[in-house]
Amino acid sequence: MRRFVRPDAGRFPYLDNRSGLRPGSLPLALSHRGFAPDGGENTMAAFERAVGLGFGYLEIDVRASSDGVVMVFHDGDLNRVAGVGGPIAARTALDLGALSIGGHGGIPTLEAVLVRWPRLRLNIDVKSDDCVRPFAELVNRLGVHDRVLVASFSDRRRLAVLRLLGRPTASSAGMAVNTLVKLLAPLGLAGAVARIARVQALQVPETYRGVRVVTGRFLRACRAGGLQVHVWTVNERTEMDRLLDLGADGLVSDAADVLAACMAARSAWPQGRPA
């Protein structure tokens, strides 16, 4: 099995995972919206299950309520998950917390998650513009800059968050920067793009619209530029092993139990004890 060498995390402790059972930094294992095989994504119950499996990293999504509270929720509309109509932005945090998400409780606030598990690290996809300021203010107030990674498909939104944060905070590229790095990495320019775009990680699918994104050459070029590459959403054990052997710096998975077993087989488990 090839030795896993990680890029220098520099000023961003979030990316330096040294909490496993062997010395040195380990690939990141991220449970996607917690672990909710029977429904209830992005709920406290789903996060509890993931933490119980040994996860120290979760991938979550945030939006703002009508009263400006940062809520952990993926969709703009409530119907798919909560079974009620209308946008999440039209309801107060109190109303959202009272809803039933697949019988697993209401929509949690980000603050509740951060407080409940004070050592847990969160990959946070900022889904809406109205969430930018309250999210940054929450991170600043709680001083959790080293525990979060700022993500968004919109690089404009991501950069807006970073400008409001009081300390250096890890960030992963949006669609535009991901595309630039994919095009320019073979020319040795991944690091230059990353510095300009203020990113330390790329989070990408293995393929996108028929184009293979994650290759050994791409991973090596990103590593040379000081960028980590996290691949989503990987649910099959054979694919997990293949991507880690190829050199991926992290995996995001819905199948948290499978990913935990994969990491345990590599002596890379548990990843932190966030209780």
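Before reading on, note that the structure itself is shown above.
Residues numbered from 1 in each chain as written. Predicted model: local features only at pLDDT ≥ 70, side-chain atom pairs only at ≥ 80, totals over all residues. Heavy atoms only, no water.

## Concerning the packing of helix H5 (residues 132–142) against helix H6 (residues 155–164)
When two helices pack together, their arrangement is given by the angle between the helix axes and by the axis-to-axis distance.
Turning to step 1, where the next piece is worked out: It is at 9 Å that the axes of H5 and H6 come closest, and there the two elements cross at 40°. In terms of crossing hand, the pair formed by H5 and H6 is right-handed. Side by side, H5 and H6 meet where Val 132, Arg 133, Phe 135, Ala 136 and Asn 140 of the first sit next to Arg 157, Ala 160, Val 161 and Leu 164 of the second.
Turning to step 2, where the next piece is worked out: Tallied by class, the residues present in the contact of H5 with H6 amount to 6 nonpolar, 1 polar and 2 charged. (Axes fitted to C-alpha atoms, helices over the stretch in contact; angles between N-to-C directions. Helix = DSSP H or I, 4+ residues; strand = E, 2+ residues; numbered from the N terminus. Left-handed = near helix turned anticlockwise from the far one by under 90°. Contact = heavy atoms within 4.5 Å. Nonpolar A, V, L, I, M, F, W, Y, C, P; charged D, E, K, R; others polar.)

## Side note on the environment of Val 213
Turning to step 1, where the next piece is worked out: Within the secondary structure, Val 213 sits in the loop between strand S9 (211–212) and helix H9 (216–224).
Turning to step 2, where the next piece is worked out: For the pair Val 213 and Phe 135, spaced 78 residues apart in the sequence, the C-alpha separation amounts to 30 Å.

## Examining the side chain of Lys 127
Turning to step 1, where the next piece is worked out: For Lys 127, the position within the fold is in the loop between strand S4 (121–126) and H5.
Turning to step 2, where the next piece is worked out: In terms of polar contacts, Lys 127 uses its side chain to reach the side chain of His 74, at 3.5 Å.
Turning to step 3, where the next piece is worked out: Apart from the residues lying within four places of it in its own chain, the contact partners of Lys 127 are Asp 61, Val 62, Arg 63, His 74, Phe 153 and Arg 157. (Polar contact = N/O pair within 3.5 Å; in protein donor to acceptor, adjacent residues only side chain to side chain.)

## Overview of the packing of helix H10 (residues 237–246) against helix H11 (residues 256–265)
Turning to step 1, where the next piece is worked out: Running from amino to carboxyl end, H10 crosses H11 at an angle of 45°, the nearest separation of the two axes being 10 Å. Compared by their axis directions, H10 and H11 come out oblique. In the crossing of H10 with H11, the sense of the turn from one axis to the other is right-handed. Note on element contacts: H11 touches H10 through Val 258, Leu 259, Ala 261, Cys 262, Met 263 and Ala 265, opposite Arg 237, Met 240, Asp 241 and Leu 244.
Turning to step 2, where the next piece is worked out: Looking at the contact of H10 with H11, its residues break down into 8 nonpolar, no polar and 2 charged. (Parallel < 35°, antiparallel > 145°, perpendicular 65-115°, else oblique.)

Coordinates in, geometry out; function isn't part of it.
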